[in-house]
Amino acid sequence: MIEFEDVTKRYPDGTLAVDTLSLRIPSGQITVFVGPSGCGKTTSLRMINRTIERTSGTISIDGEDITSKDPVTLRRGIGYVIQHAGLFPHKTVVDNVATVPKLLGWDKRKTRDTAMELLERVGLDLKLAERYPAQLSGGQQQRVGVARALAADPAIMLMDEPFSAVDPIVRHQLQEELLRLQRDIGKTIVFVTHDIDEAIKLGDNVAVLRVGGKLAQFAPPSELLANPVDDFVRGFVGQDRGYRALTFVHPQELPVEPLPSELVLDDSGAPVGWRADHELLPIGAVFKQGDSLRAALDAVLTSPTGRGICVDDSGKALGVFDQAIVAEALRS
Amino acid sequence: MTWTADNLGLIWEQLREHLYLAIVPVILGLLISVPLGYVATRFSWLANPLIALGGVLYSLPSIALFIVLPAILGTKVLSTVNIIVALTVYTVSLLIRNVIDGLRSVPAEVRQSAVAVGYGPLHRLFAVDLPIAVPVIFAGLRVVTVANISMVSVGAVIGIGGLGELFTQGFQKDFLTPVVVGVVLSVLLALLADLVLVGLQRILTPWARVIAAPPVEVA
């Protein structure tokens, strides 16, 4: 657990970047700091590895005040990923990943094996291992950045807007991969972003900060969407927060109707399209039992017939449902 | 040609002296410029005054420096130390700008991540900042090396000047051959030294060559 207690950062020119911030970051979860620029989210993050020193207050990791440790030793035990990855341009990909193990004096074989394993883990082709960062795309560089941060298996990983400089499609991929990776590794991740959608998607907990470095609300995303504490948070989480809150509503089991004859299935029972006059209309998004209500509503909205298709894990169609069924599930 | 054949020993001796007088200051100058440049990047208010001071020192006429230095250093007028000190001053005054620019060429996010992964300040200088600064520092080293090779000859005026002494000899005897030999050899020496530096830089910066090439997409 990382604990902030009345932490304040005031720059020599008098600017108050972080104002008496107190919060507890639980272990093994993703905590997101989000807010407009000037809200002190990056400053708060960087005070954890002491690349910025706080002015007053205490930050402790598992009960131990971080100022009791030598900053260099502290940093080697905390992974760090930034925008544009910040890879060392003069080192190959595998050497970049091996940076911290080398600093810690691991033997060469173990260092290299670990680095290669991590490259694979973050979804990079091992052919890229001997390339230099400049030969990689932005998304690939960011993956190397994550691998580098994880190399010495730190308990904590700090991520400062890591995905904001890549295009939306790659960003989406990287977010999905981070969630998948986190399910395996269970690190304590502190993630900074200015993008509320990213915060809601990735965070187990989200800290919304306002300009001037004051904590506005610290809550799980569903709580943030359902009960924003004030106008600032309400404005920041956006207009369609009601719709987005559906992401966190999982119906027990959506009651479905039998498959209609207009729905064309293939041999395995997977839906292919809707028969209409003389043409076949493509199916929309499909819904699986256990998905959120947002997925259910999306299936209805994208279907050409207004009926969403429910499928099992193998993709076989089980039944259909319309908006009335989704609305009923919403009320319950 | 007979003069050349008869004086091969002398020519070889002057060539070696010339190389020694030109290269030792480059090495000393580099050893001084790097820590000085490092200090200037840590205390940024020092950088501009240092670069300006370098400009002033470089504009001092070399003959004046060769003559004044023995008085300042307490060396004999005919001591090679005078030449070495003078050329080291020139080397530092040129190179300091490249070292500062080179260290400043390290991208902010690279410096930030070097600190965050746990490099101490000196370790970071040698493992991250200096390697990345190599192309900019080498651009300065090449200029300074060639300049030094040409400037050594001026030392002949005070009696120590490597190949430059062939010029004085030729002028005194009103005899062209030693002058031609001296000029050709200094040009060759400068070319050779530059080639060596280019090669050294290629070895030190395999990564710099790939930057021009487009990223490779592997799915």
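Owing to the predicted nature of the structure, the values given are computational and were not obtained by experimental measurement.

**Some details on the sheet that holds strand β4 (residues 56–61) of chain A**
Residues and elements named next belong to chain A.
Here comes step 1: Read from one edge to the other, the open sheet built from 4 strands follows the order β2-β1-β4-β5, with strand pairing classed as antiparallel. Each edge of the open sheet is held by one strand with a lone partner, namely β2 (16–25) and β5 (64–65).
Here comes step 2: Note that strand β1 (residues 2–10) and β2 share 6 bridges and pair antiparallel. When the sheet's bridge partners are listed, Arg10 is paired in β2 with Leu16.

**Concerning the UniProt feature "transmembrane region" (unreviewed entry) in chain B**
Residue and element names in this part refer to chain B.
Here comes step 1: With numbering matched to this structure, UniProt assigns "transmembrane region" (unreviewed entry) to residues 20–38, 50–72, 78–96, 132–163 and 175–200.
Here comes step 2: Overall, residues 50–72 shows 91% helix and 0% strand. The separation of its end C-alpha atoms is 22 Å.
Here comes step 3: A helix fraction of 89% and a strand fraction of 0% characterise residues 78–96, whose end C-alpha atoms lie 29 Å from each other.

**Describing the UniProt feature "domain: ABC transmembrane type-1" (unreviewed entry) in chain B**
Here comes step 1: The UniProt record marks residues 15–197 of chain B with the feature "domain: ABC transmembrane type-1" (unreviewed entry), using the residue numbering of this structure.
Here comes step 2: As annotated, residues 15–197 of chain B comprises 83% helix and 0% strand, and the C-alpha atoms at either end are separated by 19 Å.

**Quick word on the interface of chain A and chain B**
Here comes step 1: Contact residues are listed per partner, giving 25 residues for chain A and 20 residues for chain B.
Here comes step 2: Looking at the side of chain A that touches chain B, the elements that each hand over two or more residues are α2 (71–76), β6 (78–82) and α4 (99–103) of chain A.
Here comes step 3: Partitioning the side of chain A that touches chain B into residue classes produces 11 nonpolar, 9 polar and 5 charged.

**A closer look at the UniProt feature "domain: ABC transporter" (unreviewed entry) in chain A**
Here comes step 1: Under the UniProt annotation, the feature "domain: ABC transporter" (unreviewed entry) is placed at residues 2–237 of chain A.
Here comes step 2: Across residues 2–237 of chain A, the secondary structure splits into 38% helix and 25% strand, with the terminal C-alpha atoms separated by 25 Å.

**Some words on the domain arrangement of chain A**
Here comes step 1: Annotation of chain A at the domain level lists domain 1 (2–238) and domain 2 (263–331).
Here comes step 2: Once you take the C-alpha centre of each, domain 1 of chain A and domain 2 of chain A turn out to be 38 Å apart.

**Observations regarding the packing of helix α12 (residues 293–302) of chain A against helix α13 (residues 323–331) of chain A**
Residue and element names in this part refer to chain A.
Here comes step 1: Here α12 crosses α13 at 160°, and the two axes come no closer than 9 Å. Classified by the angle between their axes, α12 and α13 sit roughly antiparallel to one another. Of the two elements, α12 crosses α13, and the hand of that crossing is left-handed. Along its contact with α12, which presents Leu293, Ala296, Leu297 and Val300, the element α13 presents Gln323, Val326, Ala329 and Leu330.

**A closer look at the pairing of strand β8 (residues 188–193) of chain A**
Residues and elements named next belong to chain A.
Here comes step 1: Burial analysis of β8 places 6 of its 6 residues in the buried class, which makes it a mostly covered element.
Here comes step 2: Across the two faces of β8 the burial is the same, with Thr188, Val190 and Val192 and Ile189, Phe191 and Thr193 all buried.
Here comes step 3: Taking the sense of rotation as the criterion, the β-α-β connection linking strand β7 (residues 156–160), helix α7 (residues 168–185) and β8 turns out right-handed.

**Section: the sheet that holds strand β15 (residues 308–311) of chain A**
Adjacent strands of a sheet pair through backbone hydrogen bonds, lying either parallel or antiparallel.
Residue and element names in this part refer to chain A.
Here comes step 1: One open sheet holds the 3 strands; their spatial order is β14-β15-β16, and the pairing between them is mixed. Two strands in the sheet have a free side with no partner beyond their single neighbour: β14 (286–288) and β16 (317–321). Neighbour-to-neighbour, the strand axes of this sheet turn through a mean angle of 35°, independent of strand direction.
Here comes step 2: One ladder, built from 4 bridges, connects β15 with β16; its direction is antiparallel. Bridging across to β16, Gly308 finds its partner in Phe321.

**Description of the confidence of the model for chain A**
Here comes step 1: Looking at chain A as a whole, its pLDDT mean stands at 92, while 100% of the residues score no less than 70.
Here comes step 2: Across chain A, the element-wise mean pLDDT spans from 80 in helix α11 (residues 241–245) of chain A up to 97 in strand β3 (residues 30–34) of chain A.

**Quick notes on the nonpolar core**
Here comes step 1: Judged by nonpolar contacts, the single largest core of 116 residues is most densely connected at A:Val32, A:Val97, A:Leu119, A:Ala147, A:Ala151 and A:Leu158.
Here comes step 2: Of the residues forming this core, the biggest block, 13 residues, is contributed by helix α5 (residues 80–104) of chain B.
Here comes step 3: Contact partners of A:Ala147, with chain neighbours within four places excluded, come to A:Val97, A:Leu118, A:Leu119 and A:Val122.

**Quick word on α7(A)**
Here comes step 1: The end-to-end C-alpha distance of α7(A) is 25 Å, a good match for the 26 Å that 18 residues give at a rise of 1.5 Å each.
Here comes step 2: Residue A:Gly186 follows α7(A) closely and has a positive phi angle near 55°.

**Examining unusual backbone geometry**
Residue and element names in this part refer to chain A.
Here comes step 1: With a phi close to 50°, Asp153 is a non-glycine residue in the positive phi region.
Here comes step 2: Note on Asp153: 13 C-beta atoms within 10 Å, which makes it partly exposed.
Here comes step 3: In this model, Glu161 sits at a positive phi of 45°, which is unusual for a non-glycine residue.
Here comes step 4: Along the chain, Glu161 falls in the loop between β7 and α7.
Here comes step 5: When the 19 C-beta atoms within 10 Å are taken as the criterion, Glu161 is described as partly exposed.

Conventions adopted
- Residues numbered from 1 in each chain as written.
- Chains lettered and ligands numbered in written order.
- Predicted model: local features only at pLDDT ≥ 70, side-chain atom pairs only at ≥ 80, totals over all residues.
- Pairing = 2+ DSSP bridges.
- Helix = DSSP H or I, 4+ residues; strand = E, 2+ residues; numbered from the N terminus.
- UniProt positions renumbered as here; feature names shortened; annotations may be inferred.
- Contact = placed C-beta atoms within 7 Å.
- Nonpolar A, V, L, I, M, F, W, Y, C, P; charged D, E, K, R; others polar.
- Domains from an automatic or database assignment.
- Axes fitted to C-alpha atoms, helices over the stretch in contact; angles between N-to-C directions.
- Parallel < 35°, antiparallel > 145°, perpendicular 65-115°, else oblique.
- Left-handed = near helix turned anticlockwise from the far one by under 90°.
- Buried ≥ 20, exposed ≤ 12 C-beta atoms within 10 Å, placed from the backbone.
- Right-handed = clockwise from strand over helix to strand, strands pointing away.
- pLDDT = per-residue confidence, 0-100.
- Core = buried A, V, L, I, M, F, W, Y, C linked by C-beta atoms within 7 Å.
- Expected span 1.5 Å × (residues − 1).

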